[in-house]
Amino acid sequence: KIHFPYPKMKTAVLATLATSAVAFTGQPTTFQTKSRTALSMAKKPLGQSLKYVPCIPVDSLPKPGTATSGVAGGLAICIAVDPSGSIFALGDKCPPVNQPLSFGKVADGTIG
């Protein structure tokens, strides 16, 4: 016989043992959820949309071999012109050095 000095403690220990035993017996409980987002409630799937938005005026294009930045659709965009005059646009982020790409020099198909 185990003697517990406090009667409430005895009840708490028995409740804990009973709960622990029940937790490992019987069928596991499963829950099913349904998403209620605007996309899941749409009657038909939304198609992709490609939309061009202005970023910088043509007369503001950088000199060949350099880059500049602009904002289009709320995103920072790097506009780069390589030495041959080809124009490229990409996100103005360079995570490894935590600097905008538009700070770099354009050469040999890269921004460095």
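Further up the page is the structure itself.
As a convention, each chain's residues are numbered from 1 in the sequence order in which they are written. Restriction of local features to residues with pLDDT of at least 70 applies here, the model being predicted, together with a cutoff of 80 or more for giving and counting side-chain atom pairs; totals for whole chains, interfaces and linings are based on all residues. The side-chain values count all of the structure's non-hydrogen atoms but skip hydrogen atoms and water molecules.

**Student:** Explain the overall build of the chain to me, and be specific about the residues and the numbers.
**Tutor:** Secondary structure follows DSSP: runs of H or I at least 4 residues long count as helices, runs of E at least 2 residues long count as strands, and numbering of each begins at the N terminus. A count of helices and strands for the chain gives one helix and five strands. Expressed as a percentage of the 112 residues in the chain, the buried residues total 14%. Residues are treated as being in contact if the distance between any of their heavy atoms lies within 4.5 Å. By sequence separation, contacts in the chain at least 24 residues apart represent 18% of the contacts at least 6 residues apart. Three labels apply to residues, based on accessible area from a 1.4 Å probe with only protein chains included: buried if under 20% of the type maximum, exposed if over 50%, partly exposed otherwise in between.

**Student:** Could you give an account of the sheet that holds strand β3 (residues 87-91), naming the residues involved and the relevant values?
**Tutor:** Only when DSSP finds a minimum of two bridges between them are two strands counted as paired. The three strands lie next to each other as β1-β2-β3, forming an open sheet whose pairing is antiparallel. One side of each edge strand has no neighbouring strand; the edge strands of this open sheet are β1 (66-72) and β3. Taking the axes of each pair of neighbouring strands and ignoring which way they run, one obtains an average angle of 30° across the sheet. As judged from the seven bridges shared by β1 and strand β2 (residues 75-81), these two strands associate in the antiparallel manner. For Ser69, the partnering residue across the bridge sits in β2 and is Cys78. Whenever a helix is involved, its axis is fitted only over the stretch in contact; in every case the axis is a line through C-alpha atoms, and angles between N-to-C directions fall within 0 to 180 degrees.

**Student:** Before we move on, can you summarise the pairing of β3 with the specific residues and values?
**Tutor:** Bridge count between β2 and β3: five bridges; the pairing is antiparallel. Residue pairing in the sheet places Val81 in a bridge with Ile87 of β3. Hairpin connection, β2 to β3: the antiparallel pair is bridged by five residues, and Gly85 has positive phi, about 100°.

**Student:** For a nonpolar patch on the surface, give the residues involved together with the corresponding values.
**Tutor:** Patches here are clusters of residues that have more than 30% relative accessible area and form no salt bridge, with a 9 Å joining cutoff for like charges and a 5 Å cutoff for nonpolar side chains (Val, Leu, Ile, Met, Phe, Trp, Tyr). Only the protein chains shown count as covering a residue, and every accessible area follows the Shrake-Rupley method with a 1.4 Å probe. Salt bridge, as used here: a side-chain nitrogen of Lys or Arg that lies within 4 Å of a carboxyl oxygen of Asp or Glu. A contiguous nonpolar surface patch, about 270 Å² in accessible area, is contributed by Val13, Leu14 and Leu17. The topology assignment puts Leu14 in helix α1 (residues 7-23). The exposure class of Leu14 is exposed, given its relative accessible area of 52%.

**Student:** Explain the pairing of β2 to me, using residue names and the numbers behind them.
**Tutor:** Counting buried positions along β2 yields five of seven residues, so the element is predominantly enclosed. Hairpin connection from β1 to β2: two residues lie between these consecutive antiparallel strands, with Gly73 at a positive phi of about 60°.

**Student:** How would you explain the side chain of Asp82 if you had to name every residue and give the values?
**Tutor:** Residue position: Asp82 is located in the loop between β2 and β3. As used throughout, the charge tally considers Lys and Arg to be positive and Asp and Glu to be negative, leaving His and the chain termini uncounted. With no salt bridge to any partner, buried Asp82 finds its closest opposite charge in Lys105, at an N-O distance of 15 Å. Of note is the side chain of Asp82, whose polar atom sits 2.8 Å from the side chain of Ser84. Among residues more than four places away in sequence, those in contact with Asp82 are Pro64, Gly65, Phe88 and Val106. Whenever a nitrogen or oxygen atom comes within 3.5 Å of another N or O atom, the pair is scored as a polar contact, on the condition that within protein one atom can donate a hydrogen and the other can accept it, and that pairs from neighbouring residues in sequence are kept only if both atoms are in side chains.

**Student:** Outline the side chain of Ser102, supporting the account with residue identities and numerical values.
**Tutor:** With respect to the helices and strands, Ser102 occurs in the loop between β3 and β4 (106-107). Leaving out residues up to four positions away in the same chain, Ser102 has contacts with Ala67, Thr68, Ser69, Cys78 and Asp92.

**Student:** So what's going on with unusual backbone geometry? Residues and values would help.
**Tutor:** Although it is not a glycine, Asn98 adopts a positive phi angle of roughly 55°. Residue position: Asn98 is located in the loop between β3 and β4. Within the chain, Asp108 stands out as a residue other than glycine whose phi angle is a positive 55°.

Read these as geometric descriptors, not functional statements.
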